[in-house]
Amino acid sequence: MLGWFRTLFHSVPSPGLKKIRNDFLAMLETARQEFATACLVALDGEEAESLRENLLALDKTVNKSERQIRKELVVHCSVQGTVDPESLVMMSIAKDAERLGDYSKNIFDMGTICPFLPEGDDRVRLLVLRASIDKVFVDAISACDRQDEDFARQIISECVWLAKQCDRNTERLLRLDTPDCHTAADVLMFRFMKRMTSHLKNICSSVVQPVHKLDFTSKITKGMDTKSGDLLDRREMLGEGEFEAKEA
């Protein structure tokens, strides 16, 4: 456990730091909701205009949260008379959380522009990715709240595996001899989701890494299996009825 970061999340005498902690966790939950809303359009084919106002409100909340956290950190450091490590960490991961909102908005925009949904096995892979990323959101919030290093390492490993799955499928689609009208949209979806896993991984790295090693996790995942398997192997995450309903 990193003592200097634990002071930010537990047993904090400063009401200011406690509020920053709560603001950040709430920001992550809002980013999760924004991702879920974006996927309703891009993967489920729901009408974009009926969800646009809600998504933009969520995105605005995420952006406002980052600015508020920055402001509160400046006030905290000014009062303390020094820039402490936990403030640097929070500034960094707040930017990661803001980028999660940006990529969710990218997914929504693509779903708005693209006239068709993914099909076949790539649709299954993207639905599994959505379910996996949603679970990572929930787990990341829990790991940051409890400062659970072992759990954070597991999440980091999962994020690396998901990112490699995205890379593998992006390369496969780009190498098709006869790409069809779905290829470009599917490639973008895999790329946007890869970036989301990367930012979630960065956030979890704050639980186990000191400031100068934030975002760098190769040693953490050394010895872990982050390459084998396929997204299709996780088809059961979708639930039989759920997938059939969406396909209909």
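Residues numbered from 1 in each chain as written. Predicted model: local features only at pLDDT ≥ 70, side-chain atom pairs only at ≥ 80, totals over all residues. Heavy atoms only, no water.

**Focus: the overall build of the protein**
Then comes step 1: Each helix and strand in the protein was counted, giving 8 helices and 0 strands.
Then comes step 2: Sorting the 248 residues of the protein into buried and exposed places 51% on the buried side.
Then comes step 3: For the protein, long-range pairs separated by at least 24 residues make up 84% of all intrachain contacts whose partners lie at least 6 apart in sequence.
Then comes step 4: Of the accessible surface of the protein, which amounts to about 11,800 Å², a share of 53% is contributed by carbon and sulfur atoms. (Helix = DSSP H or I, 4+ residues; strand = E, 2+ residues; numbered from the N terminus. Buried < 20%, exposed > 50% of the residue type's maximum accessible area, 1.4 Å probe, protein only. Contact = heavy atoms within 4.5 Å. Areas by Shrake-Rupley, 256 points an atom, 1.4 Å probe, with all protein chains shown as cover.)

**Re the packing of helix 5 (residues 120-146) against helix 7 (residues 183-208)**
Then comes step 1: Relative orientation of the contacting elements helix 5 and helix 7 amounts to 15°, with a least axis distance of 10 Å. Relative to helix 7, the element helix 5 is oriented roughly parallel. For the element pair helix 5 and helix 7, the recorded crossing hand is left-handed. Every residue of helix 7 that contacts helix 5 at Asp122, Arg125, Leu126, Leu129, Arg130, Ile133, Val136, Phe137, Ala140, Ala143 and Cys144 is listed here: Asp186, Met189, Phe190, Met193, Met196, Thr197, Leu200, Ile203, Cys204 and Val207.
Then comes step 2: Residues belonging to the contact of helix 5 with helix 7 are distributed by class as follows: 16 nonpolar, 1 polar and 4 charged. (Axes fitted to C-alpha atoms, helices over the stretch in contact; angles between N-to-C directions. Parallel < 35°, antiparallel > 145°, perpendicular 65-115°, else oblique. Left-handed = near helix turned anticlockwise from the far one by under 90°. Nonpolar A, V, L, I, M, F, W, Y, C, P; charged D, E, K, R; others polar.)

**Concerning unusual backbone geometry**
Then comes step 1: A positive phi angle is found at Gln147, which is not glycine, with a value near 50°.
Then comes step 2: Tracing the sequence through the fold places Gln147 in the loop between helix 5 and helix 6 (149-174).
Then comes step 3: The phi angle at Asp215 is positive, at roughly 80°, despite the residue not being glycine.
Then comes step 4: Its location among the elements puts Asp215 in the loop between helix 7 and helix 8 (240-247).
Then comes step 5: Classification of Asp215 by relative accessible area gives partly exposed; the value is 29%.

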